[in-house]
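Given next are the chains, with one letter for each unit.
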Amino acid sequence: MCDSNEFDRWAESYDDDVIQSDQAASFPFAGYAQVLDRIAKLILEREPGDLLDIGTGSGTLAARIYEGGWNVTAVDFSEEMLKLARHRMPQATFIVSDFSSGIPRELVEKSFDIIIMTYAFHHLAYKKQPAFLRSLVPHLRANGKILIGDIAFETQSELDACHRRFPAYWDDEEYYPILTEIQAQLPEFQVTFEVISFCAGIFQVFKSG
């Protein structure tokens, strides 16, 4: 898991860096803008409600939802990233917390219409990913869902192929989610996946029935 100091140092150039990688169609951020556009569209098609953004970073995506009339609660462990997010969303609620330690205590009794994570979920070790998703589901209201946009793959073989293609850029301390693994470990939930690029996609997780 990365520490907050690393992201504090990266805050100033983060948005430009990921955009450059996306525009070059290179690993790891190929498809980044499309991921954000797609998630924004899925949310803004709904009536405004309450959104939780975990690992909000500089608030690039959350700000779009905020401008659409949603009440935004944004969580991140980087103070410098949150400074940028606060500038974009002055009336949002901000919580400084490391999501790898679980749901912040301020949110224990809270529920949301949508919970999002973009390019953050992969910092959780594989063994922690299913448990973390299970911990989020009780915070969803009726017809709520979790949307995760990330460096992600449908199968282990697709991840392995990407690893072979980009060995110099691969980070062995990151855990890119795999659809088949998540579905196998969360049989009680509906989990779908939309491919955006060769290394990016969007998970939707919601209660069955």
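In this text the structure is predicted, and so the values were computed from the model without any measurement.

**Q** What should I look at first to understand the overall build of the protein in this one?
**A** If you tally the helices and strands in the protein, you get eight helices and seven strands. In summary, the protein has a C-alpha radius of gyration of 16 Å against a globular reference of 17 Å for 209 residues, a match within 12%. With respect to the three principal axes, the spread of C-alpha positions in the protein is 45 × 45 × 30 Å. A burial count over the protein gives 52% of its 209 residues as buried. Sequence-distant contacts, at least 24 apart, represent 64% of the contacts inside the protein between residues at least 6 apart. With an accessible surface of roughly 10,000 Å², the protein has 47% of that area assigned to carbon and sulfur atoms.

**Q** What is the right way to look at empty space enclosed by the protein in this model?
**A** One simple way to see leftover space: roll a probe sized like a water molecule over the atoms. Going through the model one piece at a time under the given rule, you end up with one cavity of 30 Å³ or more. Roughly 40 Å³ of volume is contained in the largest cavity. Around the largest cavity, the lining residues are Leu 52, Ile 54, Val 75, Phe 99, Gly 102, Ile 103, Pro 104, Leu 107 and Phe 132. The residue makeup of the lining of the largest cavity, split by class, is eight nonpolar, one polar and no charged.

**Q** Would you mind showing me how to read the pairing of strand S4 (residues 112–118) here?
**A** Along a regular strand, successive side chains alternate from one face of the sheet to the other. Of all the seven residues making up S4, seven are buried; the element is thus mostly covered by neighbouring parts of the structure. Strand direction decides the pairing type here: strand S1 (residues 50–54) and S4, joined by three bridges, are parallel. Bridge pairing in S4 links Leu 51 to Ile 114. Sheet topology note: the S4/strand S5 (residues 140–151) ladder contains six bridges and is parallel. For Ile 116, the partnering residue across the bridge sits in S5 and is Leu 147. One crossover worth recording links S4 to the parallel S5 by way of helix H6 (residues 129–136), and it is right-handed.

**Q** What exactly am I supposed to notice about the sheet that holds strand S6 (residues 189–197) here?
**A** Sheets are built from strands paired through backbone hydrogen bonds, the pairs being either parallel or antiparallel. Ordered in space as S3-S2-S1-S4-S5-S7-S6, the seven strands form an open sheet in which the pairing is mixed. The sheet is open, and its two edges are formed by strand S3 (93–96) and S6, each paired on a single side. Along the sheet, successive strands turn relative to each other by an average axial angle of 15°, direction set aside. Sheet topology note: the strand S2 (residues 71–76)/S3 ladder contains four bridges and is parallel. By the bridge assignment for S3, Thr 73 is matched with Thr 93. Sitting on the sheet, H6 touches S1, S4, S5 and S6, and the angle it makes with S5 is about 150°.

Cut-offs used in this document
- Residues numbered from 1 in each chain as written.
- Predicted model: local features only at pLDDT ≥ 70, side-chain atom pairs only at ≥ 80, totals over all residues.
- Heavy atoms only, no water.
- Helix = DSSP H or I, 4+ residues; strand = E, 2+ residues; numbered from the N terminus.
- Rg over C-alpha atoms; globule rule 2.2 N^0.38 Å.
- Buried < 20%, exposed > 50% of the residue type's maximum accessible area, 1.4 Å probe, protein only.
- Contact = heavy atoms within 4.5 Å.
- Areas by Shrake-Rupley, 256 points an atom, 1.4 Å probe, with all protein chains shown as cover.
- 1 Å grid on protein atoms, 1.4 Å probe; cavity = no way out; pocket = protein on both sides within 12 Å on 5 of 7 lines; lining within 4 Å.
- Points joined across faces, edges and corners; volume = space filled by probe spheres on them.
- Nonpolar A, V, L, I, M, F, W, Y, C, P; charged D, E, K, R; others polar.
- Pairing = 2+ DSSP bridges.
- Right-handed = clockwise from strand over helix to strand, strands pointing away.
- Axes fitted to C-alpha atoms, helices over the stretch in contact; angles between N-to-C directions.

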